[in-house]
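Survey of secondary and tertiary structure
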Amino acid sequence: MADKILTRGFEAIGLGALAAGCQVFPGCPTGPQDEFFKWLAEEFPKNGRHFVRTSSETSAINVAYGSGSAGGRVLVLVSSAGWGLIQESISNMANGFVPVVIVLVQKGGPGVGSASHGQMDYFATTRDAGNGNYRTITLAPYTVQEMYDLTQLAFHLADKWRNPVIISTDVIGIHLQESIETKILEYEPLPEKDWAVTGKGTHADGVRKYISSGQGFIPTPLFSQYLEFLEGLNGKVVGMRKEEQRYESYSLDDAEVVMVAYGYSAGTCREALKMARNQGIKAGLVRPITLWPFPAAPIEEKAKKGAKFLVVEDGLGGLDEDVKMVVQGECEVQVMSALDRKEPDETGMIYPEKVLERIKGLV
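Residues numbered from 1 in each chain as written. Predicted model: local features only at pLDDT ≥ 70, side-chain atom pairs only at ≥ 80, totals over all residues. Heavy atoms only, no water.

1. Let's talk about a nonpolar patch on the surface
On the surface, Met120, Leu316 and Leu339 cluster together to form a nonpolar patch covering roughly 340 Å² of accessible area. Structurally, the position occupied by Leu316 is in the loop between strand 14 (308-312) and helix 12 (319-327). (Patch = residues over 30% accessible without salt bridge, like charges linked within 9 Å, V, L, I, M, F, W, Y side chains within 5 Å. Areas by Shrake-Rupley, 256 points an atom, 1.4 Å probe, with all protein chains shown as cover. Salt bridge = Lys/Arg side-chain N within 4 Å of Asp/Glu carboxyl O. Helix = DSSP H or I, 4+ residues; strand = E, 2+ residues; numbered from the N terminus.)

2. Focus: the environment of Thr220
Tracing the backbone through its elements, the reader meets Thr220 in the loop between strand 9 (177-182) and helix 9 (226-243). Here Thr220 falls in the buried class, since its relative accessible area comes to 13%. Residues within four places of Thr220 in sequence aside, it is in contact with Tyr210, Ser212 and Gln215. A distance of 2.9 Å separates a polar atom in the side chain of Thr220 from a polar atom in the side chain of Gln215. (Buried < 20%, exposed > 50% of the residue type's maximum accessible area, 1.4 Å probe, protein only. Contact = heavy atoms within 4.5 Å. Polar contact = N/O pair within 3.5 Å; in protein donor to acceptor, adjacent residues only side chain to side chain.)

3. Focus: the pattern of salt bridges
One pass over the full model with this rule turns up 22 salt bridges. Lys46 is paired through a salt bridge with Glu43; the nearest N and O atoms lie 3.4 Å apart. Of this pair, Lys46 and Glu43 are both found in helix 2 (residues 34-46), three residues apart, which corresponds to roughly one turn of the helix. Given the relative accessible area of 19%, Glu43 is considered buried. For Arg73, the salt bridge goes to Asp159, with nearest N and O atoms at 2.8 Å. You can see Arg73 sitting in the loop between helix 3 (57-69) and strand 4 (75-79) and its partner Asp159 sitting in helix 7 (residues 144-161), a full 86 residues away along the chain. Neither residue differs from the other here; Arg73 and Asp159 are each classed as buried. One salt-bridge network, in which partners are shared between bridges, spans Lys160, Glu188, Glu243, Glu244 and Arg246.

Below you can see the structure in the form of structure tokens.
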């Protein structure tokens, strides 16, 4: 039976990583998630796991590259500014088919931007931010329980697809405090990591393995030439897009106005939804759990029925473009952004009352 504990979001992610068998956390303190870093740095060694103190995010991601190449489960923690520093290594891991889980704590931006919360890295996590064409599954938890559960899922998906997986959260999310069930989740069995660089004596075939970020450029055991590599990479992307779309919907059946939001903004929209329904307004909500692959089906279905959409995201665009691509001009799409915050400083938020006003305007 699962234990119930009261915990914060960043602790839930760490506990989820431990439950998933994560073995290595390389990292350095880098701003608003320092408390998160401190918890991981203390708890991993206590639980027989490894903490590697690195000098920068670039060092951390490359330690993760090596650990993942050896078949280990590894977690990397960065904020928005650090995200830009690790793109070359993510591209290399995508080429080398190396699994790793990266937690991104979103802030405002661009540049130094804001040390507080924000949702301004949607494009950076849902497109190939490094060079070349690749994709990374991006999970967006919005409750503390989901942070625990989706972290376990992230490690499973990283190993399943041999690909980096992103957990996208924000400063508000990692400091939420809620009761969770600490249950170890079970998934379908995964094949043995016969590709891991652990020495030829550890493999049944007695063959020394290696990982290359130059697949396609040089022949490897997986791909002998460039086109063959591209076919393999594209096949993986197509498979992830087909199999890994996840979302939740609320009050969608009769909804005339459909909100679309993720992370803390989804929590705001849940409150606005209750307020709207109490006033007899037929509002609904689609909450993408995977930002990529984007769950288009429920949005497409409501668009065909003539619903109007309100995208709520505490940034300056991103999610709205994916929604607009799905509806293809068939219905109205309005956007609430960071410009709709109630306070002008960096601690400002989008409040449910303001979302309700926009819903009423759409009705």
